[in-house]
Amino acid sequence: MLTVQNVTVRFGGLTAVDGVSLSLSAGQWLMLAGPNGAGKSTLLNAIAQGVRYEGRICLGGRDMRDYRPDERARRIGVLAQRHDVGYDYTVEEVVGLGRYAHARGFLGARDARGREMVERALRLTGMEPLRSKSMLALSGGEVQRAFLAQVFAQDPEILLLDEPANHLDLPFQRHIFGLIQDWLAQSGRAVLCVVHDLSLARRYGTHAALMHHGRCVAQGETDAVFTPENLRRVYGMDVHAWMQEMLAQWDEPTPEG
């Protein structure tokens, strides 16, 4: 569905992404992992056509640069890590903006499935009770869920997600990742997701790409990528042992009284 061929992103003298190639097929949830500064979000932004790059990115075998913005939006949905909300729109209005690429006619008035998709997105993300609330009055987690609802309303083939659990507490992390997993189960869909939490990456990812200093040092099925050797090489520590140590504390008996 998506191929990235030798993509490089430079900001002045800094090379943020250095010759990365990867592919995304239907049914895959590809996790982009690595330490801070590895180039994960920059690579995702290049795929979303938000930053200039060298190399080639193809969607369905066609160069992404050849797509009109509305064509691209019907096929790819993007959830950024940060949202600058400086307007007094309601949650429902923001979610409804996800349908702009599907609208037709004068001022984009005709969108046969628009209302249905907005209502479904509000319900799935738990934002239905907040539909009339101003975006300016939301918490960070509520803002994140509102924009995820916007992406669901857009109904694309591919989701590009940058830290989708950002600002979310544990129940909503589980809820949102479960929703994405259910969305992915439908035919002809795929997810590319930047994550810092390796536990979430292993729990939900079918595939992974491990990045370090702008380069992809390992990619493939999740278990084959997140090996102790690969993680030590990238993080400079025994991540496997650290994760086991952190998990073990939950097995200790709770003191009585």
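All of the points below concern the structure found in this document. Just so you know, the residues in each chain are numbered from 1, in the order the chain's sequence is written. Where totals are concerned, whole chains, interfaces and linings use all residues; where local detail is concerned, this predicted model gives features only for residues with pLDDT of at least 70, and gives and counts side-chain atom pairs only at 80 or more. Hydrogens and water molecules were not included; the side-chain quantities draw on all heavy atoms of the structure.

1. Some points on the layout of surface pockets
Empty pockets left among the atoms are what a rolling probe the size of a water molecule brings to light. Basically, it comes down to this: Think of a 1 Å grid over the protein atoms and nothing else: a 1.4 Å probe that fits but is trapped marks a cavity, an open set flanked by protein within 12 Å on at least five of seven lines marks a pocket, and residues with an atom within 4 Å of a point count as lining. Grid points are joined across faces, edges and corners, and a volume is the space filled by probe spheres set on the points. The way it works is that DSSP assigns letters per residue, a run of H or I at least four long becomes a helix, a run of E at least two long becomes a strand, and they are numbered from the N terminus. Under the convention adopted here, Pro, Cys and the residues Ala, Val, Leu, Ile, Met, Phe, Trp and Tyr are nonpolar, Asp, Glu, Lys and Arg are charged, and Gly plus all remaining residues are polar.
In this structure, the largest pocket occupies an estimated 610 Å³ of space. Broken down by secondary-structure element, the contributors of at least two residues to the lining of the largest pocket are α6 (170-184), α7 (198-204) and α10 (239-248). The class makeup of the residues in the lining of the largest pocket is eleven nonpolar, five polar and four charged.

2. Quick word on the pattern of salt bridges
For the record, the criterion: Any carboxyl oxygen of Asp or Glu that lies within 4 Å of a side-chain nitrogen of Lys or Arg is treated as forming a salt bridge with it. Remark: exposure states derive from per-residue accessible area (1.4 Å probe, protein chains only) relative to the maximum for the residue type, with buried under 20%, exposed over 50%, and partly exposed in between.
Enumeration over the complete set of coordinates arrives at 15 salt bridges. Measuring nitrogen to oxygen at the nearest pair gives 2.9 Å for the salt bridge that ties D18 to R215. Remark: R215 occurs in strand β10 (residues 215-221) and D18 occurs in strand β2 (residues 14-24); sequence separation between them is 197 residues. Since its relative accessible area comes to 28%, D18 is described here as partly exposed. Among the salt bridges present, the one from E157 reaches R75, with a minimum N-O distance of 3.2 Å. One end of the pair, E157, is in the loop between α5 (140-154) and β7 (158-162); the other, R75, is in helix α2 (residues 69-75), with 82 residues separating them in the sequence. Beyond isolated ion pairs, a larger network of salt bridges with shared partners links R62, R68, D70, E71 and R74.

3. Remarks on α6
Quick note on the threshold: A helix is expected to span 1.5 Å multiplied by its residue count minus one.
Over its 15 residues, α6 runs 21 Å from end to end, which matches the ideal 21 Å to within 8%, given 1.5 Å per residue. For α6, the full list of buried residues reads Q173, I176, F177, G178, L179, I180, W183 and L184.

4. Regarding the sheet that holds strand β3 (residues 29-33)
The following threshold applies: A pair of strands is labelled paired if DSSP reports no fewer than 2 bridges between them. Angles here are taken between N-to-C directions and fall from 0 to 180 degrees, while the axes themselves are lines fitted to C-alpha atoms, restricted in helices to the stretch in contact.
Strand order in the open sheet formed by six strands is β6-β7-β8-β3-β9-β10, with mixed pairing between adjacent strands. Of all the strands in the sheet, just β6 (76-79) and β10 have a single pairing partner and so form its edges. For this sheet, the mean inter-axis angle between neighbouring strands, taken without regard to orientation, is 15 degrees. Sheet analysis places β3 next to strand β9 (residues 207-212), joined by four bridges and oriented parallel.

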